[in-house]
Amino acid sequence: MSILNNTILFVKQQLENAEGGHDWFHIERVYKNAALIAQEEDCDLMVVKLGALLHDIADSKFHNGDETIGPKTARAFLENQKVDEAIIQHVIKIIENISFKGGNQVQKFTSIELDIVQDADRLDAIGAIGIARAFNYGGFKNRALYNPEIAPNLIMSKEEYKKSNSPTLNHFYEKLLLLKDKMNTETGKKIAQDRHFYMEGFLSQFYREWDGEK
């Protein structure tokens, strides 16, 4: 079997019991998004595909905030598959730098392959699926849907963002609505526009229903 097929089987196994917004189907959507964006970019397609497949292999939010587990797990797997060290290092850099982390962090590594996978991941955080994922995770963490008395915090540090337990609707303002303007590629930007517009419509409807309006 090919390295990509082996990676798919590995990721499916690792994420078999994952939370619904960070399961294999999330990985599959990001993989498809990345392949779509990559068609318009001059990039190393193998790095893009492996980065997309392994980007959430051990998300720190499900491992007590430990950001080292994902890169270690990915490296061990790729070394076992005899993948070239240069590719392994690039994939690890993608895993280490893809996350939003409050949006106020300086990214220490750049490449077109990271740009593509990051856009693909961010696209899955917005639009209809992004809304579904946000509320699924909020339910997983037993968070309130909305509390008018708790305002969104737009200046959180990385640690504050990771520890935040605010209502799910605040997450739209603290992350989801910010992603449109943080896309890297032209393809990503175009797709993000439509998904952003959909979220704005959802929020308008949400507030009308919350306030008991027609």
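If you're wondering where the values come from, they're calculated on a predicted model, not measured in any experiment. (Residues numbered from 1 in each chain as written. Predicted model: local features only at pLDDT ≥ 70, side-chain atom pairs only at ≥ 80, totals over all residues. Heavy atoms only, no water.)

**Q** Describe the side chain of Thr7, listing the residues and the values that go with them.
**A** Counting through the fold element by element, Thr7 comes out in helix α1 (residues 3-14). Judged by relative accessible area, Thr7 falls into the buried class, the value being 0%. Those residues in contact with Thr7, other than ones at most four positions away along the chain, are Leu50, Leu53, Leu54 and Phe77. (Helix = DSSP H or I, 4+ residues; strand = E, 2+ residues; numbered from the N terminus. Buried < 20%, exposed > 50% of the residue type's maximum accessible area, 1.4 Å probe, protein only. Contact = heavy atoms within 4.5 Å.)

**Q** How would you summarise the packing of helix α3 (residues 45-54) against helix α5 (residues 85-97) if you had to cite specific residues and measurements?
**A** Interhelical geometry of α3 versus α5 gives an angle of 45° and a closest axis separation of 9 Å. With respect to α5, the axis of α3 lies oblique. As for the relative orientation of α3 and α5, their crossing is right-handed in sense. Across from Met46, Val47, Leu50, Gly51 and Leu54 in α3, the residues of α5 making contact are Ile87, His90, Val91, Ile94 and Ile95. The residue inventory of the contact of α3 with α5, partitioned by class, reads 8 nonpolar, 2 polar and no charged. (Axes fitted to C-alpha atoms, helices over the stretch in contact; angles between N-to-C directions. Parallel < 35°, antiparallel > 145°, perpendicular 65-115°, else oblique. Left-handed = near helix turned anticlockwise from the far one by under 90°. Nonpolar A, V, L, I, M, F, W, Y, C, P; charged D, E, K, R; others polar.)

**Q** If you had to explain the packing of aromatic side chains to someone new, which residues and values would you point to?
**A** Summed over the entire model, instances satisfying the criterion amount to 11 aromatic pairs. Where Phe135 meets Phe172, the ring centres are 6.0 Å apart and the plane angle is 45°; that geometry is what we call tilted. Of this pair, Phe135 sits in helix α7 (residues 127-140) while Phe172 sits in helix α9 (residues 168-174), and the two are 37 residues apart along the sequence. The burial state of Phe135 is the same as that of Phe172; both residues are buried. Aromatic side chains Phe135 and Phe202 sit 6.0 Å apart centroid to centroid with 65° between the ring planes, which places their arrangement in the edge-to-face category. Of this pair, Phe135 sits in helix α7 while Phe202 sits in helix α10 (residues 186-210); the two residues are 67 residues apart in sequence, bridging distant segments of the chain. Linked through ring pairs, Phe135, Tyr146, Phe172, Phe202, Phe206, Tyr207 and Trp210 together constitute an aromatic cluster. (Phe/Tyr/Trp six-rings, centres within 6.5 Å; stacked < 30°, edge-to-face > 60°.)

**Q** Go over helix α2 (residues 24-38) with me, naming the residues and quoting the values.
**A** In this model, α2 (15 residues) spans 21 Å end to end at C-alpha, consistent with the 21 Å of a helix rising 1.5 Å per residue. Where the residues of α2 are buried, they touch α1, α3, α6 (112-123), α7 and α10. (Expected span 1.5 Å × (residues − 1).)

**Q** Break down unusual backbone geometry for me, with residues and values.
**A** A positive phi angle, close to 60°, is found at Lys82, a residue other than glycine. Among the structural elements, Lys82 can be located in the loop between α4 (69-80) and α5. Positive phi is not limited to glycine here, since Asn142 has a value of about 55°. Summarising the element assignment, Asn142 is placed in the loop between α7 and α8 (158-163). With relative accessibility at 70%, the residue Asn142 sits in the exposed group.

**Q** So what about the nonpolar core? Which residues, and what values?
**A** Counting 54 residues, the largest nonpolar core has Val11, Leu54, Leu78 and Phe172 as its most contacted members. With 7 residues, α2 is the largest single contributor of residues to this core. Sequence-distant contacts of Phe172, defined by excluding residues within four places in its chain, comprise Ile131, Ala134, Phe135, Leu177, Met199, Phe202 and Leu203. (Core = buried A, V, L, I, M, F, W, Y, C linked by side-chain atoms within 4.5 Å.)

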